[in-house]
Amino acid sequence: MTSGRAVLLIADIGGYTDYMGAHRMSLAHAEVNTGRMLERMIDAAPGFDLIEIEGDAAFLSLPVDEGEADASIPEILDAAVAMHRAFHLERQYVTANLCPCKGCKGAADLKLKFVAHVGEVATQTIRDRIKLVGIDVIQVHRMLKNPVGIPEYVLLSEELYRTGEHTVAAPVQEVSPELEGFGTVRAYFVDVGDLENSPAPLLSPSWPKRVGQTFAAVGPGLPYMLGLRSMRSAETAR
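Residues numbered from 1 in each chain as written. Predicted model: local features only at pLDDT ≥ 70, side-chain atom pairs only at ≥ 80, totals over all residues. Heavy atoms only, no water.

Quick look at the pairing of strand β5 (residues 129–133) now. One ladder, built from 5 bridges, connects strand β4 (residues 111–126) with β5; its direction is antiparallel. Considered in β5, the bridge of Ala122 is made with Val133. With antiparallel pairing between neighbouring strands as the criterion, β4 and β5 make up a hairpin whose turn holds 2 residues, including Arg127 at a positive phi of roughly 50 degrees. (Pairing = 2+ DSSP bridges. Helix = DSSP H or I, 4+ residues; strand = E, 2+ residues; numbered from the N terminus.)

Structure representation (structure tokens):
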């Protein structure tokens, strides 16, 4: 086991529990579609290490040296913008396919939020899988429950924000979430939409693309419908 300082980032898909409908076909397609959206998000943040997929969320980290966390805030915000755009592009592809089930059309209601923190972590490697443990890992996960009143945002812990608040150009708002085991803390959030400078519009998928996206949901979804693969994301949502 090794220890060090790291930035911790969680990209969490909002509306996921309602999205996972009870009908088996919807569940199967939701499982496939969620996996596709998560993959696109992760690919959009190559500078971060993927620690784990946690149902509807991606947990990532970025090692930092003591006193250099301020340089990480622009990286976090840039990664959030890139992941946000990749998520919405894939979400648009999902909803444009020809399948009418809730697992496909219901993706239109999904949102993406981010929480980030910096602290000391211990790294464990178990069967070639890297795990992060420590009180700061617990804190960043507890930050997912907060009073932020907008659906898509980046929430920075006070510990992280104070290292480089001058690097945040977008309007910042303060909140005081009550975190289990930590009490009332300060945190600061920005609207993801305020981070993008004149974003290019997402192009509507062509007809052949829509047909291809339909098969992309239907084909891989069959093993889940037939019970040949377990719906791990669905179980996490419950």
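Read on for the rest.
Further remarks concern the pattern of salt bridges. Taken as a whole and assessed by the stated rule, the structure comprises 10 salt bridges. Across the salt bridge formed by Glu120 and Arg5, the nearest N and O atoms sit 3.7 Å from each other. Taken together, the residues span a long stretch of sequence, with Glu120 in strand β4 and Arg5 in strand β1 (residues 2–14) at a distance of 115 residues. Of the residues examined, Glu120 reaches a relative accessible area of 41% and is grouped as partly exposed. Its salt-bridge partner being Glu52, residue Lys131 comes within 3.0 Å of it at the nearest N-O pair. (Salt bridge = Lys/Arg side-chain N within 4 Å of Asp/Glu carboxyl O. Buried < 20%, exposed > 50% of the residue type's maximum accessible area, 1.4 Å probe, protein only.)

For Gly55, the location among the structural elements is in the loop between β2 (49–53) and β3 (57–63). For the pair formed by Gly55 and Thr34, sequence separation is 21 residues and the distance between their alpha carbons is 8.9 Å.

For the rest of this paragraph, the subject is the packing of aromatic side chains. Across all of its chains, the model carries 2 aromatic pairs by this definition. A ring pair is formed by Tyr161 and Tyr188, whose centres lie 4.2 Å apart and whose planes are at 20 degrees; its orientation type is stacked. On the criterion of sequence distance, the pair formed by Tyr161 in helix α6 (residues 158–161) and Tyr188 in strand β10 (residues 187–191) is long-range, its members being 27 residues apart. With respect to class, Tyr161 is no different from Tyr188; both count as buried. (Phe/Tyr/Trp six-rings, centres within 6.5 Å; stacked < 30°, edge-to-face > 60°.)

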